[in-house]
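What the coordinates show
Below are the chains, spelled out letter by letter.
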Amino acid sequence: MTAVVAVLAALLVQFMLVNRLPLPAGGAPDLVLLAVVGAAMARGPAAGAALGFGAGLLVDLAPPTAHVAGLYAFVFALVGYLAGRGVGNRVVTVVLCVLLAPLLAAAVSGLLSDPRVTVTTLTQQVPVTVACTLVIAPVVVWLASRGTRERYAL
């Protein structure tokens, strides 16, 4: 239950505050992704995939949507599963998931011939988004994984 509350809180903060910040190159930290990663690392791959799918579906349906419905549901479900499985220690898992999510979203959008996915987006906006997300990752992952026992040793 705390994972769902953490993801909903991250979604509200993301849409009400973070997306309105004037950051360079149009990038912004992805709090919902970090909440899914933190909760998945604490609860395992099945819960991570289910929570990622639900969170991604909420992101897909929340206005303003400028992408194909189901894109973030797929991406967050896959990232939630990977975070739940763990890819090394906690730091490596978070960094890998933060790097994988925007690249996977861009790849799927490119496969669907989305005209907004350009080389400029991949070289300017994605690195800013990844850097901002990694800066705020320790706080959000810690908050999202509270209330459960540790699955991984540092």
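Below, the structure is looked at part by part. Quick caveat, the model's predicted, so the values are computed rather than measured.

1. Section: the nonpolar core
If you look at the biggest cluster of nonpolar residues, it comprises 36 residues, and the most contacted ones within it are Val37 and Val94. Elements that contribute at least two residues to this core include exactly helix H1 (2-16), helix H2 (31-43), helix H3 (45-61), helix H4 (71-85), helix H5 (90-111) and helix H6 (119-144). A per-element tally of this core places H2 first, with 10 residues. Val37 has contacts with Val79, Ala83, Val94 and Cys97, leaving out every residue within four places of it along the chain.

2. Some remarks on the layout of surface pockets
For the largest pocket, the calculated volume is near 990 Å³. Asp30, His67, Tyr72, Gln125 and Thr129 are the residues nearest the centre of the largest pocket, which is lined by 36 residues in total. Among the secondary structure elements, those contributing two or more residues to the lining of the largest pocket are H1, H2, H4, H5 and H6. No other element matches H6, which puts seven residues into the lining of the largest pocket. Residues that form the lining of the largest pocket fall into these classes: 23 nonpolar, 10 polar and three charged.

3. Some details on the side chain of Asp60
Looking at the secondary structure, you find Asp60 in helix H3. Judged by its relative accessible area of 3%, Asp60 falls in the buried class. Polar contacts involving the side chain of Asp60 include one to the main-chain amide nitrogen of Gly70, which spans 2.9 Å.

Procedures and definitions
- Residues numbered from 1 in each chain as written.
- Predicted model: local features only at pLDDT ≥ 70, side-chain atom pairs only at ≥ 80, totals over all residues.
- Heavy atoms only, no water.
- Core = buried A, V, L, I, M, F, W, Y, C linked by side-chain atoms within 4.5 Å.
- Buried < 20%, exposed > 50% of the residue type's maximum accessible area, 1.4 Å probe, protein only.
- Helix = DSSP H or I, 4+ residues; strand = E, 2+ residues; numbered from the N terminus.
- Contact = heavy atoms within 4.5 Å.
- 1 Å grid on protein atoms, 1.4 Å probe; cavity = no way out; pocket = protein on both sides within 12 Å on 5 of 7 lines; lining within 4 Å.
- Points joined across faces, edges and corners; volume = space filled by probe spheres on them.
- Nonpolar A, V, L, I, M, F, W, Y, C, P; charged D, E, K, R; others polar.
- Polar contact = N/O pair within 3.5 Å; in protein donor to acceptor, adjacent residues only side chain to side chain.

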